[in-house]
Amino acid sequence: MLLLLLLALAAAWSHGQAQVLLKQREVSITRGHKTTTSMDCIAEGISDFQSAYIHWYRQVPSKAPERILYVGPGAVSYDDNSYSNKYSSLKKGTNVCTFTINDINSSDEGTYYCAYWHFHGTSRWQAACTESCLCPKGQ
């Protein structure tokens, strides 16, 4: 649902601006002393990626998406301070934003979205969104 809304916004408000595309690689899960997973959000079309704000959301079935954090120029901001021990994010190079979940358990299952908005002038917006599913095996 969020994905469809953001794609509609991107199409309606881009007004000839360069299109932004976000892609995610498949989730990787590492088991060892701790269980962690990371997902990359790969951005195309963001001219100054290090200054861009990339948002990370989680959605579970039957609930609205919940923003966890956003990464801005040189800093991560959490929507709830308690998230700082569970989640982290950082930008790499010119177009990759990595999101990490620590101490994975079954309550972390859901769809994770990275999203980007950019404002142009008085009424021009760009929006892009993509998703990764942290799902039980077999789904």
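Our subject is the structure listed above.
Bear in mind that the values here come from a model prediction, so they are computed numbers and not experimental data.

Enquirer: Before we go on, may I ask you to explain the overall build of the protein chain in this structure?
Expert: Scanning the protein chain from N- to C-terminus turns up 1 helix and 10 strands. Ordering the α and β elements of the protein chain from the N terminus gives α-β-β-β-β-β-β-β-β-β-β. Across the 139 residues in the protein chain, those meeting the buried criterion constitute 40%. Accessible surface, the protein chain as shown: approximately 8,000 Å² in total, 52% of it carbon and sulfur.

Enquirer: In this structure, what is going on with the nonpolar core? I would like to understand it.
Expert: Among soluble globular proteins, nonpolar side chains are generally buried collectively. Formed by 22 residues in total, the largest nonpolar core has its most connected members in Ile46, Ile54, Trp56, Tyr87, Phe99 and Tyr112. Mapped onto this core, the elements with two or more residues apiece are strand 3 (36-44), strand 4 (54-59), strand 5 (66-72), strand 8 (96-101) and strand 9 (110-120). In this view, Tyr87 contacts Arg58, Ile68, Leu69, Tyr78, Phe99, Thr100, Ile101, Asn102, Asp108 and Tyr112; residues no more than four positions away in its chain are not counted.

Enquirer: Please explain the state of the cysteines as it appears in this structure.
Expert: In this structure the tally under the stated criterion is 1 disulfide. Two residues share a disulfide in this structure: Cys41 and Cys114, whose sulfurs sit 2.1 Å from each other. Residues Cys41 and Cys114 are joined through a disulfide that is right-handed, its torsion about the S-S bond being 70 degrees. Of the two residues, Cys41 sits in strand 3 while Cys114 sits in strand 9, which places them 73 residues apart along the sequence. Judged by its relative accessible area of 0%, Cys114 is buried.

Enquirer: Help me understand the packing of aromatic side chains, please; the structure alone is not making it clear to me.
Expert: Each pair of aromatic rings is reported with the distance of its centres and the angle of its planes. By the definition in use, this model includes 5 aromatic pairs. Note on Tyr53 and Tyr70: the rings are 5.9 Å apart at their centroids and 55 degrees apart in plane angle, and the pair reads as tilted. Taken together, the positions of Tyr53 in the loop between strand 3 and strand 4 and Tyr70 in strand 5 put the pair 17 residues apart, joining distant regions of the chain. Classification of Tyr53 by relative accessible area gives partly exposed; the value is 41%. Overall, the relative accessible area of 25% leaves Tyr70 in the partly exposed class. Between the aromatic rings of Trp56 and Phe99, the centroid separation amounts to 4.8 Å while the plane-to-plane angle is 15 degrees, which identifies the pairing as stacked. Placement of Trp56 in strand 4 and of Phe99 in strand 8 is noted, with a sequence separation of 43 residues between them. The residues Trp56 and Phe99 share a single accessibility class, namely buried.

Enquirer: Even after reading the chapter, I still don't get the pairing of strand 8, so can you show me in this structure?
Expert: Note on strand geometry: in a regular strand, side chains alternate between the two faces of the sheet. Across the 6 residues that make up strand 8, a large majority, 6, are buried. Bridging between strand 3 and strand 8 involves 6 bridges; their strand directions are antiparallel. Across the sheet, the residue bridging to Ile42 is Val96, located in strand 8. Across 6 bridges, strand 7 (residues 87-92) lies against strand 8 in antiparallel orientation. In the sheet register, Tyr87 faces strand 8, and the bridge partner there is Ile101.

Enquirer: How should I be thinking about the pattern of salt bridges in this particular structure?
Expert: Where charged atoms from two side chains of opposite charge come close, those side chains can pair. Taken as a whole, this structure holds 2 salt bridges when the rule is applied. We note a salt bridge from Asp79 to Arg67, for which the minimum N-O separation is 2.9 Å. With a gap of 12 residues between them, Asp79 in the loop between strand 6 (75-78) and strand 7 and Arg67 in strand 5 connect regions that are remote in the sequence. Here Asp79 falls in the partly exposed class, since its relative accessible area comes to 41%. A relative accessible area of 24% means that Arg67 is categorised as partly exposed. Ionic pairing is found between Lys86 and Asp108, a salt bridge with its closest N-O pair at 2.8 Å. Taken as a pair, Lys86 in the loop between strand 6 and strand 7 and Asp108 in the loop between strand 8 and strand 9 lie far apart in primary sequence, 22 residues in all.

Rules of the game
- Residues numbered from 1 in each chain as written.
- Predicted model: local features only at pLDDT ≥ 70, side-chain atom pairs only at ≥ 80, totals over all residues.
- Heavy atoms only, no water.
- Helix = DSSP H or I, 4+ residues; strand = E, 2+ residues; numbered from the N terminus.
- Buried < 20%, exposed > 50% of the residue type's maximum accessible area, 1.4 Å probe, protein only.
- Areas by Shrake-Rupley, 256 points an atom, 1.4 Å probe, with all protein chains shown as cover.
- Core = buried A, V, L, I, M, F, W, Y, C linked by side-chain atoms within 4.5 Å.
- Contact = heavy atoms within 4.5 Å.
- Disulfide = S-S within 2.5 Å.
- Phe/Tyr/Trp six-rings, centres within 6.5 Å; stacked < 30°, edge-to-face > 60°.
- Pairing = 2+ DSSP bridges.
- Salt bridge = Lys/Arg side-chain N within 4 Å of Asp/Glu carboxyl O.

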